[in-house]
Amino acid sequence: MDRVFAWDHHHSQVVYRIPGHQYEDGREDSALSPVWLPAEESDLPEGVMIDDLRKVSVKE
């Protein structure tokens, strides 16, 4: 599964989502309802920097 990374400017952290993934709690990641999960900068693919990421605001 391919992860899509972004920068959560609200919490100042890297986050990721897996489009189309169904989670055990019943949530499904979709374009209209993305499920952003925390990540580390070290999780980013080689050559990708934080400045390269799009900015998102993750709700709690």
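Looking only at helices and strands, the protein chain has zero helices and four strands in total. Over its C-alpha atoms the protein chain spans a radius of gyration of 11 Å, differing by no more than 12% from the 10 Å that the globule rule assigns to 60 residues. When its C-alpha atoms are laid out on the principal axes, the protein chain stretches across 30 × 25 × 15 Å. A buried classification covers 32% of the 60 residues belonging to the protein chain.

With that settled, consider the nonpolar core. One finds F5, W7, V14, Y16, I18, Y23, V35, L37, A39, L44 and L53 forming the largest nonpolar core, which totals eleven residues. Mapped by element, the contributors of at least two residues to this core are β1 (4–8) and β2 (13–17). In contact with V35, other than residues within four places in its own chain, are Y16, R17, Y23, R27, E28 and D29. A6, V15, W36 and V56 belong to the second-largest nonpolar core, a separate cluster that totals five residues.

Using the criterion set out here, one finds two salt bridges in the structure. A salt bridge links R17 to D29; the nearest nitrogen and oxygen atoms lie 2.4 Å apart. Pair noted here: R17 is in strand β2 and D29 is in the loop between β2 and β3 (37–38), with a separation of twelve residues, a long-range link. Look at R17 and you get buried, because its relative accessible area is 11%. We note a salt bridge from R27 to D25, for which the minimum N-O separation is 2.9 Å. Residue classification places R27 among the partly exposed positions, given a relative accessible area of 40%. Judged by its relative accessible area of 54%, D25 falls in the exposed class.

With that settled, consider the sheet that holds β3. Read across the sheet, four strands follow the order β3-β2-β1-β4 without closing on themselves; strand pairing throughout is mixed. Single-partner strands in this sheet number two, and they are β3 and β4 (55–56). Here β1 runs beside β2; their pairing, made up of five bridges, is antiparallel. Looking across to β2, one finds that V4 is bridged to R17.

Cut-offs and rules
- Residues numbered from 1 in each chain as written.
- Predicted model: local features only at pLDDT ≥ 70, side-chain atom pairs only at ≥ 80, totals over all residues.
- Heavy atoms only, no water.
- Helix = DSSP H or I, 4+ residues; strand = E, 2+ residues; numbered from the N terminus.
- Rg over C-alpha atoms; globule rule 2.2 N^0.38 Å.
- Buried < 20%, exposed > 50% of the residue type's maximum accessible area, 1.4 Å probe, protein only.
- Core = buried A, V, L, I, M, F, W, Y, C linked by side-chain atoms within 4.5 Å.
- Contact = heavy atoms within 4.5 Å.
- Salt bridge = Lys/Arg side-chain N within 4 Å of Asp/Glu carboxyl O.
- Pairing = 2+ DSSP bridges.

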